[in-house]
Amino acid sequence: MPNKTAASLNANRSSLVHKVRYALRNPGKVVPYVRRSARDWKLRMTHRDHVDYYRAVMASDAARDPRAAVGSQSEERWLALGRMQFDYLVEHGLEPGHRMLDIGCGNLRAGWRLIDYLDEGGYYGIDISPDILIAAKGVLAERGLQSKLPHLTITRDLTFSFLPEGRFDVVHAHSVFSHSPIEVIDEALANVGRILAPGGFFDFTFDRTEGEEHQVLREDFYYRTGTLVALAEKHGLDARFMDDWEERPHGQSKIRVTVRAPDNGAD
Ligand SMILES: C[S@@+](CC[C@H](N)C(=O)[O-])C[C@H]1O[C@@H](n2cnc3c(N)ncnc32)[C@H](O)[C@@H]1O
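Residue indices begin from 1 for each chain and proceed along its sequence in written order. Where local features are concerned, this predicted model is filtered to residues with pLDDT of at least 70; where side-chain atom pairs are given and counted, the filter is 80 or more; whole-chain, interface and lining totals use all residues.

S.K.: When you look at the overall build of the protein in this model, what are you seeing that I'm missing?
M.R.: Secondary structure elements are taken from DSSP: a helix is a run of H or I of four residues or more, a strand is a run of E of two residues or more, and numbering for both begins at the N terminus. The helix and strand inventory of the protein stands at 10 helices and 9 strands. On the principal axes, the C-alpha backbone points of the protein span a range of 55 × 50 × 40 Å. For the exposure call, what matters is how many other C-beta atoms sit within 10 Å of a residue's own: 20 or more marks it buried, 12 or fewer exposed, and in between partly exposed, using C-beta atoms placed from the backbone. Counting across all 267 residues of the protein, residues that qualify as buried make up 36%. Looking at the protein alone, contacts between residues at least 24 apart form 68% of all its contacts between residues at least 6 apart. Whether two residues are in contact is decided by their C-beta atoms, placed from the backbone, lying within 7 Å.

Put into structure tokens, the structure is as follows:
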């Protein structure tokens, strides 16, 4: 079965009709959804800024289960989702000598494989959640990867202002913009060009809609491809929809961004 059907790409999950139909098809999910809505409402009341709010969501989720907090309901899925990201990057240009920035690295679902593959110090993970970074350090130790000396750092924005210019061959954000309002994505796209090395690329996934753009509980955000491509172009970047990612068993889509070559005026 394809991961994305016309119906799923056109659904507006924020609409009442969609919610009622979904509830009728999945009665067992109603109580957990109501609980989550109530928790999120409370967190939104006490954290007005999106990043503060989402950090509180991660703290609550990670306290229950760090694997579920990054979106994997079992160890098997956690391993499979990490492998999928890793394989795709290696098949699409990542090399052991590269320096890589993993935005929203979570508890190293893909990160531990990337750390293992890259040369010492080649991996730099950032996240807004201290709780998930603590879990990440646990995974690093469990996997015996201490000698690779990755950087794992907290951030509150995506200006990358503390990172050096032209540093990273690869920048990566898996399942981060699917939880981000457009201002957060805009900030990342406005600033990523400065830290990309010549020839470098930035791959990110997003929840794609072909219908109306919408969000659910300020946790999940659905964008049209054209919106994100236009945003990248506004910041002097070229953006390419990665068709072959669609063949992988994953609900999100992927875009690769590169710095646009200067126009030298030649005909
Ligand atoms: C669904 S998890 C995915 C984690 C990891 N990329 C993976 O695939 O396993 C999303 C992660 O992004 C982090 N995150 C969300 N918004 C962020 C932002 N604006 N900047 C950095 N990290 C963010 C969350 O704290 C969380 O760890």
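Structure's up, so let's keep going.
S.K.: Sorry if this is basic, but what is going on with the site of the ligand here?
M.R.: To decide whether a residue is near a molecule or strand, its C-beta atom is placed from the backbone and checked for lying within 6 Å of it. What surrounds the ligand is a group of 24 residues, the closest being G104, G106, R109, S129 and S175. Mapped by element, the contributors of at least two residues to the shell around the ligand are α4 (50-64) and β2 (123-127). No other element matches α4, which puts 3 residues into the shell around the ligand.

S.K.: Could you clarify how one ought to interpret the packing of helix α9 (residues 182-195) against helix α10 (residues 225-234) in this entry?
M.R.: In helix packing, the relevant descriptors are the interaxial angle and the interaxial distance, both defined with respect to the helix axes. Here an axis means a line fitted to C-alpha atoms, over the contact stretch when the element is a helix, while the angle between two N-to-C directions is reported on a 0 to 180 degree scale. Axis separation between α9 and α10 bottoms out at 9 Å; the angle between their running directions is 40°. In this view, α9 runs oblique relative to α10, as classed from their interaxial angle. Our pair here, α9 against α10, has a crossing hand that is right-handed. Each of I185, D186 and L189 in α9 lies in contact with α10, whose residues at this interface are L228, L231 and A232. Side-chain classes are defined by residue name, with Ala, Val, Leu, Ile, Met, Phe, Trp, Tyr, Cys and Pro counting as nonpolar, Asp, Glu, Lys and Arg as charged, and the others, Gly among them, as polar. Tallied by class, the residues present in the contact of α9 with α10 amount to 5 nonpolar, no polar and 1 charged. For classification purposes, angles smaller than 35 degrees are called roughly parallel, those larger than 145 roughly antiparallel, those between 65 and 115 roughly perpendicular, and all remaining angles oblique. The handedness criterion is simple: a crossing whose near helix is rotated anticlockwise from the far helix by less than a right angle is left-handed, and one whose near helix is rotated clockwise is right-handed.

S.K.: Got a minute to help me understand unusual backbone geometry in this structure?
M.R.: Outside of glycine, negative phi angles account for most residues, and trans bonds account for most peptide bonds. One non-glycine residue with positive phi stands out, namely L108, at about 65°. Mapped onto the elements, L108 comes out in the loop between β1 (100-103) and α7 (111-117). For F160, which is not glycine, the phi torsion reads 60° and is therefore positive. Mapping F160 onto the fold places it in the loop between β3 (151-154) and β4 (168-173).

S.K.: Could you clarify how one ought to interpret the UniProt feature "domain: Methyltransferase type" (unreviewed entry) in the protein in this entry?
M.R.: Taking the UniProt record as the reference, the feature "domain: Methyltransferase type" (unreviewed entry) is found at residues 101-202. Its end C-alpha atoms 9 Å apart, residues 101-202 is made of 33% helix and 25% strand. UniProt positions are given in the numbering used here, feature names are shortened, and annotations may be inferred rather than shown by experiment.

S.K.: Looking at this structure, I do not really get the nonpolar core. What am I missing?
M.R.: If you look at soluble globular proteins, the nonpolar side chains tend to sit buried side by side. Membership of the largest hydrophobic core comes to 58 residues, with the highest contact counts inside it found for M100, I103, A136, V171, V192 and V257. Per-element tally for this core: the top contributor is helix α8 (residues 130-142), with 6 residues. The residues contacting I103, other than those within four sequence positions of it, are I126, L158, V171, H172, A173, V176 and A188. We define a nonpolar core as a collection of buried residues of the types Ala, Val, Leu, Ile, Met, Phe, Trp, Tyr and Cys that are connected via C-beta atoms lying within 7 Å of each other.

S.K.: Got a minute to help me understand the environment of E91 in this structure?
M.R.: Positionally, E91 belongs in helix α6 (residues 75-91). Residues E91 and P150 lie 59 residues apart in sequence; the distance between their C-alpha atoms is 22 Å.

S.K.: I keep staring at the environment of E247 and nothing clicks. Help me out?
M.R.: Residue position: E247 is located in the loop between β8 (237-241) and β9 (253-259). Among the residues examined, E247 registers 9 C-beta atoms within 10 Å and is labelled exposed.

S.K.: How do you make sense of the packing of α4 against α8 when you look at a structure like this?
M.R.: Two elements in contact, α4 and α8, have axes separated by 8 Å at closest approach and are oriented at 40°. On α8, the residues touching M58, A59, A62 and A63 of α4 are D131, I132 and A135. Grouping the amino acids of the contact of α4 with α8 by side-chain chemistry returns 6 nonpolar, no polar and 1 charged.

S.K.: Whenever I open this one, α8 confuses me. Can you help?
M.R.: Over its 13 residues, α8 runs 19 Å from end to end, which matches the ideal 18 Å to within 8%, given 1.5 Å per residue. Burial in α8 covers these residues: I132, L133, A135, A136, V139 and L140. All buried residues of α8 project into a common sector of 155° when viewed along the axis, lining one side. Looking at α8, the residues exposed on the side facing more than 90 degrees away from the buried face are A141 and E142. Each element contacted by the buried residues of α8 is listed here: α4, α5 (66-69), α7, β2 and β3. Following α8 by one or two positions, G144 adopts a phi angle in the positive range, close to 65°. By this rule the span expected of a helix is its residue count minus one, scaled by 1.5 Å. The directions from the helix axis to the C-beta atoms are what the arc is built from.

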